[in-house]
Structure formats: structure tokens, C-alpha cells
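# Results of the structural survey
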Amino acid sequence: MKLEDIKTICVVGAGNMGHQIALCCALAGYNVTCTDISQDMLDKAEAFAKSYLPERVSKGKLTQEQADSALTKLKFTVSLEEAAGNADFVIEAAVEKMDIKRKLFADLDRIAPPQTILVTNSSYIVSSEIADVTKRPDKVCNMHFFNPALVMKLVEVVQGPHTSAETAQITMDLSAKLGKTAVLLKKEIYGFLVNRILSALSQEALFLADMGIATPQEIDLAVTNALGHPMGPFRLMDLTGIDLAYYSSLERYQRTRDPKDKPSPLVVEKFVKGEWGKKTKKGYYTYE
Ligand code: 3HC
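Residues numbered from 1 in each chain as written. Predicted model: local features only at pLDDT ≥ 70, side-chain atom pairs only at ≥ 80, totals over all residues. Heavy atoms only, no water.

### Some points on the site of the ligand
In the vicinity of the ligand lie 18 residues, with Arg56, Lys59, Ser123, His144 and Asn147 positioned nearest. Measuring from an oxygen atom of the ligand, one finds a side-chain N or O atom of lysine 61 at 3.2 Å. A distance of 3.0 Å separates an oxygen atom of the ligand from a polar atom in the side chain of asparagine 195. Burial of the ligand by the surrounding chains reaches 65%, relative to a free accessible area of 1,000 Å². Sorting the residues of the shell around the ligand by element identifies helix H7 (194-210) and helix H9 (233-240) as the ones contributing at least two each. For the shell around the ligand, the per-class residue count stands at 9 nonpolar, 6 polar and 3 charged. Each of domain 1 (3-185) and domain 2 (194-280) gives at least three residues to the shell around the ligand. (Near = heavy atom within 4 Å. Polar contact = N/O pair within 3.5 Å; in protein donor to acceptor, adjacent residues only side chain to side chain. Areas by Shrake-Rupley, 256 points an atom, 1.4 Å probe, with all protein chains shown as cover. Helix = DSSP H or I, 4+ residues; strand = E, 2+ residues; numbered from the N terminus. Nonpolar A, V, L, I, M, F, W, Y, C, P; charged D, E, K, R; others polar. Domains from an automatic or database assignment.)

### A short note on the domain arrangement of the chain
Accessible area lost when the parts come together is the quantity often used to give the size of an interface. Partitioning the chain into domains gives domain 1 (3-185) and domain 2 (194-280). Measuring from the centre of the C-alpha atoms in domain 1 to the corresponding centre in domain 2 gives 26 Å. The partner domain 2 presents 11 residues to the 13 residues of domain 1 that form the contact. Here domain 1 packs against domain 2, burying approximately 1,100 Å² in sum over the two surfaces, 55% of which is carbon and sulfur. A salt bridge links glutamate 129 to arginine 255; the shortest N-O distance between them is 3.0 Å. At the junction of domain 1 with domain 2, the criterion picks out 6 residue pairs in polar contact (both at pLDDT 80 or more). (Contact = heavy atoms within 4.5 Å. Buried area = accessible area lost by both parts, 1.4 Å probe. Salt bridge = Lys/Arg side-chain N within 4 Å of Asp/Glu carboxyl O.)

### Some remarks on the UniProt feature "domain: 3-hydroxyacyl-CoA dehydrogenase C-terminal" (unreviewed entry) in the chain
Taken from the UniProt record, the annotation "domain: 3-hydroxyacyl-CoA dehydrogenase C-terminal" (unreviewed entry) applies to residues 191-287. Helix makes up 63% of residues 191-287 and strand 0%. Its end C-alpha atoms lie 28 Å apart. (UniProt positions renumbered as here; feature names shortened; annotations may be inferred.)

### Regarding the nonpolar core
Proteins that are soluble and globular tend to have nonpolar side chains buried together. Residues Ile9, Ile21, Tyr30, Phe89, Ile91, Met143 and Phe145 are the most contacted members of the largest nonpolar core, which totals 40 residues. For this core, the element with the highest residue contribution is helix H1 (residues 18-27), accounting for 6 residues. One finds Val12, Ala84, Val90 and Ile130 within the second-largest nonpolar core, a separate group that totals 17 residues. (Core = buried A, V, L, I, M, F, W, Y, C linked by side-chain atoms within 4.5 Å. Buried < 20%, exposed > 50% of the residue type's maximum accessible area, 1.4 Å probe, protein only.)

As C-alpha cells, this is what we get:
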């Protein structure tokens, strides 16, 4: 398979990441079907595209033709069969739960054409923990986008021991076609590059807040003003989801058994209260 053979992309999951990844692909000229088990999530994803595209046109960032074309290329369905049945490339961006991802990849392997590449946008999980449920492990790898996916330039492509060089290369090439800068990790490591670096910062920020040294808001002020980050670690957690922070710490702790990897008391408190950040309109900050 070559990059030019990819015409149709299926994005599984219409959540925080999936809805924007789907739109990125449509804006790059691909026919995209975004699928989710929740019709409500699909409706929200469609509503987002319908408000985002005209806004970009009025800002002068897109032409009317580009916006119209992206919208006609973007479809939404609850049917995985319909979405993946004729896809040349599948990007899984479903919830960060291993059992769900393994079930999805087994289903995708059954539904998608045999030559189709299946990638996961997982934030942490390496694809070798998923690829074994398929009969095409050579066509499975990680393709990790960053939030908000329409804005952030980086994509991490992780080549597992089972991934063919061709699959890794096509995924790198597709990332470039989507306007992203891709980095290739030739060895798998849990959390890849960016989330490992980010979690070191977030762990320390949470430790300081848990100790009552400063509030999350003050820590954010310190990081943005002293280090020049566009957002502090707490506002960023609100953006990426405190539920994700909770699940990923738990997953990491289960692997390492290192007490510092346990979800922090503040994260647990927010998780239990359902204050998961921007998506629930309340996290460390409140949102309209
Ligand atoms: N969706 C789409 N576009 C958005 C957006 C969103 N949620 N938020 C902002 N934008 C766009 C705006 O339209 C604007 O575009 P333009 O300049 O072309 O007109 C541009 O981004 C700047 O927006 P604003 O001026 O409103 O706001 P900021 O300048 O504060 O930028 C930000 C917002 C881009 C989110 C910036 O704060 C930022 O870069 N924050 C850091 C984000 C980050 O670190 N992401 C990585 C998180 S880690 C991760 O994703 C890993 C994963 O596994 C969880």
C-alpha cells in the first residue's frame, strides 16, 4: 500500500480527540466517516464541524470552497461496519480502556479490508498490547495526536516490533499530508515522548497542590509566566480531561507499583465529583 491508495479514513470515537482528528482528515481532502457508539457524541461532533468551518471562513483561514468540501467529505454513523467497511485507513480514538480497544481492534480486523492500516491514537498504550487480536499485526501502530488536534502540530508514530516499516512510513506520510510534524519512535515505550515529559511536570504540579503549597491556579500562573508554556498543567488537564489523567495514572501505577504514579488525591477528588474539566464545564476552572 502507498499513501496515494488512501482515499477513505474511518475515525473511531467522536470524543475530545476523534471529532477533531476526523475534521483534520476531511480538511486534508479525505473522505472520512466518524463513528461512535453514542449518537449524542456524533451529533456534537457534527455540530462542532458545522460551527467551526464557517468560523474559519470568516477569520479568513479557509476559503468557502475548502469549508464546503470538508463538510461534504465528513460523515457520521453509529455503525462500525458502515464506517470501517470500505476504509483504507482506520484511526481509533475511543476511550482509554484496554479491553475496549482490544475488542474494537478485533472487530475492525473483521470488518475492514485486509490491506487497511489500523492505528490507535491512545495516549499511553503501545500497539503491541492490542495488535495481537488482529490477523494483521504488521499493519498496526500508534498514531498519537495532541489536543486540540486541529491546532497542535505534532503526531507521534510508534513502530512496534510487529509493525512493518511500510506501515510506519505510510503513517508518517499521512501525518505530513494532514499538515502535521511527525516523529517516529522506533521502539515502544509506555506514554511515548510527550506524555512522559508532560506527566513529569503534572506529577510535580499535583504534588505541590496536594501539599497545599499553592493552588492549581497559582501553579498555572507560575508555569505560564516563568516557563512560557501556553497553558499551565491544571488548565491543560482540564482541556485533555481529568478522567484521562485519572485512568492513565491508574494504568501507570498498575504497571509500576510506584506510589508516585498513583492518581493524586486532587485528581481522585475531581474524578469522583465528575468534574472532568472542559467537557463537564468544571474542573480546576469553570467554563461557560
Ligand atoms: N479547537 C480548535 N481550535 C482551537 C481550539 C480548540 N479547542 N482552541 C483554540 N483553537 C485555535 C483558535 O481557533 C486559534 O486559531 P487561529 O490562531 O488560527 O485563529 C488558535 O487555536 C489560538 O486560539 P486562542 O487565541 O483562542 O487561544 P490560545 O492562544 O490560548 O491557544 C491553545 C489555545 C492552542 C489550546 C493553546 O493554549 C495551547 O497550545 N495550549 C497547550 C495545548 C497542549 O499542550 N496540548 C497538548 C496536550 S497533551 C495531549 O494532548 C496528549 C494527549 O494524549 C492527551
